[in-house]
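So you can see what is in the structure, the chains are spelled out below.
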Amino acid sequence: MKYRTAFVRFSKGVLCGVLLLAAGLTIGYFTPRRWTPSANCEDQPYRIFVEGDAMHVNLLMQVDNGVYDWRQFLNLKQIGSDTNENYRYLKMGWGDRIWYTEVPDWSQMNVLDIGRVLFKPGNASVMYVQGYATRPEGTRCVGLDREQYLSFVRFIENSFARDAQNKLIYIKPGAATTDGFYAALGDYSALRTCNTWSAEALDAASINTPLWSALAPAVMQQIPACDCP
């Protein structure tokens, strides 16, 4: 009887813990970090663009918007196997290095892959970069002032790892001819996912993000649904 009573108490404790965790994550999913909405894209001189689906959030910006030129930081000819550098937009994301560079499609992830990515400590990370001649459809636009945009830029630049000569570490081209991978700083885990990184970049620019940003829909629901010309 004592063992049964202890087991019942333990089970109730575990259930209460799970329910409290679920409640906390749900609150964090819907609660913004700021109660003032992000500025409409028409109200500010500079813009960034956010692309998201059910799994992943990517960030897009103009190569040169008058306040910062990404060609000062990246060699656009080196991004992918296509050496064309006539890109007007760049898309960037951060994530697990093996997942990003070795798994060609989400459907090919297995339970062991997912377990390693989420629960193994110290997973190396990577920066994903893709160039575009025109802005992809389906992106949401957010307006920024000059200081907000430069804070956004600094956060992204500081996410790239560098070698002993302070140069970016290029890893390999991506599956498309216009994308590629660079070594990144920080470890990927369930506590800091690709979407968490995107939310941190947006937060650096004072853009609203959720308290719990591990899931892409949580991040996207805080982004104004406007599409700037």
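Structure: see above.
My aim in this report is to walk through the structure given alongside it, one point at a time. Keep in mind that this is a model prediction, so the values were computed, not measured.

1. Describing helix 5 (residues 194–204)
Working step 1: Burial analysis of helix 5 places eight of its 11 residues in the buried class, the great majority of the element.
Working step 2: Listed in full, the buried residues belonging to helix 5 are C194, N195, T196, W197, S198, A199, A201 and L202.
Working step 3: Against strand 1 (46–52), strand 2 (57–62), strand 3 (89–96), strand 4 (125–132), helix 4 (146–157) and helix 6 (216–220) lie the buried residues of helix 5.

2. Regarding the pairing of strand 7 (residues 179–183)
Taken residue by residue, a regular strand's side chains alternate between the two faces of the sheet.
Working step 1: Counting buried residues along strand 7, five of its five residues qualify, which places the element largely inside the surrounding structure.
Working step 2: Residue alternation in strand 7 divides its side chains into two sets, D179, F181 and A183 and G180 and Y182, and both sets are buried.
Working step 3: Of the strand pairs in this sheet, strand 4 and strand 7 are connected by five bridges, and their pairing is antiparallel. Along strand 7, the bridge assignment pairs Y128 with F181.
Working step 4: Two elements, strand 6 (residues 170–173) and strand 7, share three bridges in a ladder whose sense is antiparallel. Bridge pairing in strand 7 links Y170 to Y182.
Working step 5: Where strand 6 folds back on strand 7, the antiparallel hairpin that results is connected by five residues.

3. Concerning the packing of aromatic side chains
Working step 1: Within this structure, the stated rule accounts for 11 aromatic pairs.
Working step 2: With a centroid separation of 5.1 Å and an interplanar angle of 80 degrees, the aromatic rings of Y68 and W70 are classed as edge-to-face.
Working step 3: On the numbers, 5.9 Å between centres and 45 degrees between planes, the contact of F155 with W197 is tilted. Of this pair, F155 sits in helix 4 while W197 is found in helix 5, placing the two residues 42 residues apart along the sequence.
Working step 4: Exposure remark for W197: the relative accessible area of 0% places this residue in the buried category.
Working step 5: When the ring centre of W94 is taken as origin, the NZ or CZ atom of R192, which lies over that ring, is 4.7 Å away.

4. What about the pairing of strand 2?
Working step 1: Burial analysis of strand 2 places five of its six residues in the buried class, which makes it a mostly covered element.
Working step 2: The hairpin turn running from strand 1 into strand 2, its antiparallel successor, is four residues long.
Working step 3: Inspection of the sheet shows strand 2 paired to strand 3 by four bridges, in the antiparallel sense. Along strand 3, the bridge assignment pairs L59 with M92.

Reading guide: rules and limits
Residues numbered from 1 in each chain as written. Predicted model: local features only at pLDDT ≥ 70, side-chain atom pairs only at ≥ 80, totals over all residues. Heavy atoms only, no water. Buried < 20%, exposed > 50% of the residue type's maximum accessible area, 1.4 Å probe, protein only. Helix = DSSP H or I, 4+ residues; strand = E, 2+ residues; numbered from the N terminus. Contact = heavy atoms within 4.5 Å. Pairing = 2+ DSSP bridges. Phe/Tyr/Trp six-rings, centres within 6.5 Å; stacked < 30°, edge-to-face > 60°. Lys NZ or Arg CZ within 6 Å of the ring centre and 35° of its normal.

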